[in-house]
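# A structural walkthrough
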Amino acid sequence: MDIKHHQSGARRQRRKQPHTMVQRLLSWGLPVSCSRFLWRQPGEFPVTAFLLGTGAGGLLAIGLFQLLVNPMNIYEEQKMMFLYSLVGLGAMGWGTSPHIRCASLLLVPKMLGKEGRLLVLGYALAAIYVGPVANLRHNLNDVIASLGCTVELQINNTRAAWRVSTAPLRAVFKDLLSSKELLRAETRNISTTFEDLDAQVNSETGYTPEDAVDSGETAQGREAHQAPASSLHLSTQKMYELKTKLRCSYVVNQAILSCRRWFDHKHEQCMKHIWVPLLTHLLCLPMKFKFFCGIAKVMEVWCRNRIPVEGNFGQTYDTLNQSIRGLDGEFSANIDFKEQKQAGVLGLNASWERVSTEVRDYVHRQEARLEWALGLLHVLLSCTFLLVLHTSFSYMDSYNHDIRFDNIYISTYFCQIDDRRKKLGKRTLLPLRKAEEKTVIFPCKPTIQASEMSNMVRELLETLPILLLLVVLCGLDWALYSIFDTIRHHSFLQYSFRSSHKLEVKVGGDSMLARLLRKTIGALNTSSETVMESNNMPCLPQPVGLDARAYWRAALPIGLLVCLCLLQAFGYRLRRVIAAFYFPKREKKRILFLYNDLLRKRAAFTKLRRAAILRRARQQKAPRHPLADILHRGCPLLRRWLRRRCVVCQAPETPESYVCRTVDCEAVYCWSCWDDMRQRCPVCTPREELSSSAFSDSNDDTAYAG
């Protein structure tokens, strides 16, 4: 079965004519000298190869530096050290080693694979952070500032309204405080004026103290029968009435005494002027009539019965006396305001300014942490190049040492081998069976094939989380922007505070009390009119919405990530092309091995596939639900999924399909698979009658290198 190498003459003849598609394309698009240089034999053009390799390696190193190292936030000295190191290594590697050149070119398909997606994923996260996340952070910070401004505005408006409403009262108290000296002067004038009345009330003129004591004891004795024993002290009213009576009695007695002295004086004068003895006594006898002076006693009775003293004089005097004594004290007034702060939440005793500051500081700390994480992400993304370079060398080593590694491509040389065998009349492989086509790849086909489809679907599923994250963040950003913009347009408030105050107190008269009242109560004569207007326009949130360009910038890396998932299959095909270009002998050995391996599996195909065919046949023989038959007959669109399938390649049943005629078998085969089975049903044919040249491929099959 194994295919041996042809003779060296045949090899030299084939070397003259390009065989692979890459060789044909390069020969068609490049000059002859370039084609000759690219397909040179080992040891040809050593100086040219070294110089061109050194230049290409240096340029590649500079490009990698600009792409990966230059965006890093490091010192310029370190950047220059990296630049010199990369240029030196790239130049020496490309100038001396084909392995370095191969690994370097393998970076291109690797960037189209999972390693490149990892790098693009980092840029996608950075784009999401710079776009929707940064805008969300800005809008939320603006709303926090708006809330703080609104609360401060309410506090300021309340404080201003309180000051305006209490301004008249504070003005009255200030006027009273400023007129303190005037009030003191007025109280001194009042006290001086009251001294005359007080001296008159307390005076003992007009009576003798002995008469007052005797009369007081008589009055107390008389009141003792009418009042309890504890109230023997005379009130001001009683005392003044008593003094008035005593003064009246004193005036009457003084009048009587004066009258008697007058009669005595006139009698003496009469006796001096009339010296006739008998006639003297007769003519001066009327001067002895002093009893006429007793007529004044009638006035004393009138005074006692009709005292000219008002009934409330004593009470008025006591009240006025107490007030005057109070005015003699120090006049002072102080205005004290006490502000009591209460916590809005139990256990919280902090002002809004402090809370707002703490919230802003917390937001800034989170932003700093996120910025640090983003910087670390940039560094890791720059270091991703090392991972890509490692995977390139790993692929090259596996390609040269493991002959089964990524050996599933039906290349041009594979077709040439099959054509030569066909001309020699030997057994060939092309065209492949349907079951075999699922395990290999035709690199020239522009479609994604079965071996690549599963890997591509897995990569697309891995892209869904970042895509959902972008959709959620963009939707959340748009929703919050719409809400905040609605609030900004419909939350405008105009604060208007109007205060009008007018108080007028008129005190008439020109008396002492009137003047005092005009000095005190007259201070309440104030009037004011205040208009205060403000609005919350400075406190309204000013949200920023992302434009279409910002959304495109955020979605572009995600779209590139999806495109890389779709292009990964073609990038992986390019890996083999690059490795085959630098190691053509190894590629021929790998293709020969693949061809021989497929020949062995083709010989044992029926035996190897018998277990899977039996399992699928048993599934077909299982009774179907009646609903499936109804849908199969009534819904032509669903017949594609309700039809039976080939037990070998799982192709849907067609009118040309072959159904095994063995009783209780009825296995379905498409004509190509029936021919591959050599028109013998593996389900109903005994195992001994099938081909016995089976080789187990459970552990040694070639696999797709993802």
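Residues numbered from 1 in each chain as written. Predicted model: local features only at pLDDT ≥ 70, side-chain atom pairs only at ≥ 80, totals over all residues. Heavy atoms only, no water.

Defined as follows: UniProt positions are given in the numbering used here, feature names are shortened, and annotations may be inferred rather than shown by experiment.
Looking at an unreviewed UniProt entry, the chain carries the name RING-type domain-containing protein, with the source organism given as Colobus angolensis palliatus. Here is the UniProt Subcellular location (unreviewed entry) comment for the chain, exactly as written: "Membrane".

## Some thoughts on the overall build of the chain
As a reminder, the rule being used: Numbering of helices and strands runs from the N terminus, with a helix taken as a DSSP run of H or I at least four residues long and a strand as a DSSP run of E at least two residues long. Three labels apply to residues, based on accessible area from a 1.4 Å probe with only protein chains included: buried if under 20% of the type maximum, exposed if over 50%, partly exposed otherwise in between. Here, residues are in contact when the closest pair of their heavy atoms is within 4.5 Å.
In terms of regular secondary structure, the chain is built from 25 helices and four strands. Buried positions account for 33% of the 706 residues belonging to the chain. Put simply, 77% of the contacts in the chain that link residues at least 6 apart link residues at least 24 apart.

## Some words on the packing of aromatic side chains
What counts, and what does not: Here the aromatic set is Phe, Tyr and Trp, taking the six-membered ring for Trp, and pairing holds for ring centres within 6.5 Å; pairs whose planes are under 30 degrees apart are stacked, those over 60 apart are edge-to-face, and all others are tilted.
Per the stated rule, a full pass over the model turns up eight aromatic pairs. Ring centres of Phe 414 and Tyr 595 lie 4.8 Å apart, and the angle between their planes is 55°; on these two criteria the pair is classed as tilted. Placement of the pair is Phe 414 in helix 16 (residues 412-423) and Tyr 595 in helix 21 (residues 584-603), with a sequence separation of 181 residues. Per residue, the accessibility class of Phe 414 equals that of Tyr 595, and both read buried.

## Details of the UniProt feature "transmembrane region" (unreviewed entry) in the chain
Taken from the UniProt record, the annotation "transmembrane region" (unreviewed entry) applies to residues 45-69, 81-97, 117-136, 370-389, 463-484 and 550-570. A distance of 32 Å separates the end C-alpha atoms of residues 463-484, which is 100% helix and 0% strand. In this annotation, residues 550-570 is assigned 100% helix and 0% strand; the end-to-end C-alpha distance for the span is 31 Å.

## Focus: the environment of Cys 415
Counting through the fold element by element, Cys 415 comes out in helix 16. Looking at Cys 415, the relative accessible area reads 29%, which means it is partly exposed. Expressed as a C-alpha distance, the spacing of Cys 415 and Leu 430, which sit 15 residues apart in the sequence, is 7.8 Å. The residues contacting Cys 415, other than those within four sequence positions of it, are Ile 410 and Leu 430.

## Side note on the UniProt feature "domain: RING-type" (unreviewed entry) in the chain
In the numbering used here, UniProt assigns the feature "domain: RING-type" (unreviewed entry) to residues 646-685. The annotated region residues 646-685 carries 15% helix and 10% strand content, and the separation between its end C-alpha atoms amounts to 17 Å.

## Quick notes on the packing of helix 5 (residues 76-96) against helix 6 (residues 98-105)
Note the cut-off: The axes used here are C-alpha line fits, helices contributing only the stretch in contact, and every angle between their N-to-C directions lies in the interval 0 to 180 degrees. Residue type decides the class: Asp, Glu, Lys and Arg count as charged, Ala, Val, Leu, Ile, Met, Phe, Trp, Tyr, Cys and Pro as nonpolar, and the leftover types, Gly among them, as polar.
In the contact formed by helix 5 and helix 6, the axes pass within 5 Å of each other and the chain directions differ by 115°. Residue-level inspection shows Gly 93, Trp 94, Gly 95 and Thr 96 of helix 5 in contact with helix 6, the latter providing Pro 98, Ile 100, Arg 101, Ser 104 and Leu 105. Grouping the amino acids of the contact of helix 5 with helix 6 by side-chain chemistry returns four nonpolar, four polar and one charged.

## Topic: the confidence of the model for the chain
Heads up, the condition is: Along the chain, pLDDT gives the predictor's confidence residue by residue, from 0 to 100.
Per-residue pLDDT for the chain averages 75, and the proportion of residues at 70 or more is 74%. This model gives residues 342-349 a pLDDT under 50, and the stretch forms two contacts once residues within four places in sequence are excluded. In this model residues 692-700 is a low-confidence stretch, pLDDT under 50, and it forms 12 contacts with partners more than four residues away in sequence or in other chains.

## Observations regarding unusual backbone geometry
In this structure, Pro 431 follows Leu 430 across a cis peptide bond, with omega equal to -5°. Take Pro 431: it is sitting in the loop between helix 16 and helix 17 (434-437). Of note, Asp 406 is a non-glycine position whose phi angle comes to about 50°, a positive value. With respect to the helices and strands, Asp 406 occurs in the loop between helix 15 (352-401) and helix 16. Judged by its relative accessible area of 0%, Asp 406 falls in the buried class.

## Examining the side chain of Ser 451
Relative to the helices and strands, Ser 451 is located in helix 18 (residues 450-490). Of the residues examined, Ser 451 reaches a relative accessible area of 12% and is grouped as buried.

## Some remarks on the state of the cysteines
Using the following cut-off: When two cysteine sulfur atoms are found within 2.5 Å, that pair is recorded as a disulfide.
The full count for this structure, using the stated rule, is three disulfides. Shown here is the disulfide that connects Cys 149 with Cys 539, its sulfur atoms set 1.8 Å apart. Judged by the torsion about the S-S bond (-55°), the Cys 149/Cys 539 disulfide is left-handed. Taken as a pair, Cys 149 in helix 8 (residues 114-178) and Cys 539 in the loop between strand 2 (526-535) and helix 20 (548-582) lie far apart in primary sequence, 390 residues in all. No disulfide involves Cys 565; its sulfur sits 9.0 Å from the nearest other cysteine sulfur, which is in Cys 563. Residue classification places Cys 565 among the buried residues on the basis of a relative accessible area of 0%. Lacking any disulfide linkage, Cys 681 is separated from the closest cysteine sulfur, that of Cys 684, by 3.7 Å.

## Re a nonpolar patch on the surface
Threshold: Patch criteria: residues need more than 30% relative accessible area and no salt bridge. Like-charged residues are merged within 9 Å; nonpolar side chains of Val, Leu, Ile, Met, Phe, Trp and Tyr are merged within 5 Å. Methods summary: accessible areas were calculated by the Shrake-Rupley approach with a probe of 1.4 Å, and residue burial reflects only the protein chains presented. Salt-bridge detection follows one rule: a side-chain nitrogen of Lys or Arg within 4 Å of a carboxyl oxygen of Asp or Glu.
Together, Met 453, Val 457, Leu 461, Leu 464, Leu 467, Leu 468 and Val 471 make up an exposed nonpolar region whose accessible area comes to about 590 Å². Checked against the element boundaries, Leu 467 lands in helix 18. With relative accessibility at 32%, the residue Leu 467 sits in the partly exposed group.

## Side note on the nonpolar core
What counts here: To form a nonpolar core, buried Ala, Val, Leu, Ile, Met, Phe, Trp, Tyr and Cys residues must be joined to one another through side-chain atoms within 4.5 Å.
Grouped together as the largest cluster of nonpolar side chains are 21 residues, with contacts concentrated most on Ile 613, Val 647, Val 648, Ala 667, Tyr 669, Cys 681 and Val 683. Of all the elements in the fold, those that place two or more residues in this core are helix 22 (605-621) and helix 25 (671-676). Counting residues per element, this core draws most heavily on helix 22, which supplies four residues. Sequence-distant contacts of Val 647, defined by excluding residues within four places in its chain, comprise Ile 613, Arg 616, Ala 617, Gln 620, Ala 667, Val 668 and Tyr 669. Ile 128, Val 143, Ala 554 and Leu 564 belong to the second-largest nonpolar core, a separate cluster that totals 15 residues.

## Things to note about the pattern of salt bridges
Across all of its chains, the model carries seven salt bridges by this definition. Between Arg 573 and Glu 452 there is a salt bridge, and its shortest N-O distance comes to 2.9 Å. Taken together, the residues Arg 573 in helix 20 and Glu 452 in helix 18 connect sequence positions 121 residues apart. On the basis of relative accessible area, Glu 452 is assigned to the buried category, the value being 1%.

## Considering the environment of Thr 662
Inspection of the secondary structure puts Thr 662 in the loop between strand 3 (658-659) and strand 4 (668-669). A C-alpha to C-alpha distance of 7.3 Å links Thr 662 and Cys 684, two positions 22 residues apart in sequence.

## Some words on the environment of Arg 618
Position of Arg 618 relative to the elements: it lies in helix 22. With relative accessibility at 54%, the residue Arg 618 sits in the exposed group. Considered as a pair, Arg 618 and Val 647 are 29 residues apart in the sequence and their alpha carbons are 9.7 Å apart.

## Brief notes about the packing of helix 6 against helix 20
Quick note on the threshold: Roughly parallel means an angle under 35 degrees; roughly antiparallel, over 145; roughly perpendicular, 65 to 115; everything else is oblique. Left-handed describes a crossing whose near helix is turned anticlockwise from the far helix by less than a right angle; the clockwise case is right-handed.
It is the contact of helix 6 with helix 20, at a shortest axis distance of 10 Å, that shows an interaxial angle of 165°. The orientation of helix 6 relative to helix 20 falls into the category roughly antiparallel. The element helix 6 and its partner helix 20 pack so that their crossing is right-handed. Mapping the contact onto sequence places Pro 98, Arg 101, Cys 102 and Leu 105 in helix 6 and Ile 578, Ala 579 and Tyr 582 in helix 20. Of the residues that constitute the contact of helix 6 with helix 20, the class distribution is six nonpolar, no polar and one charged.

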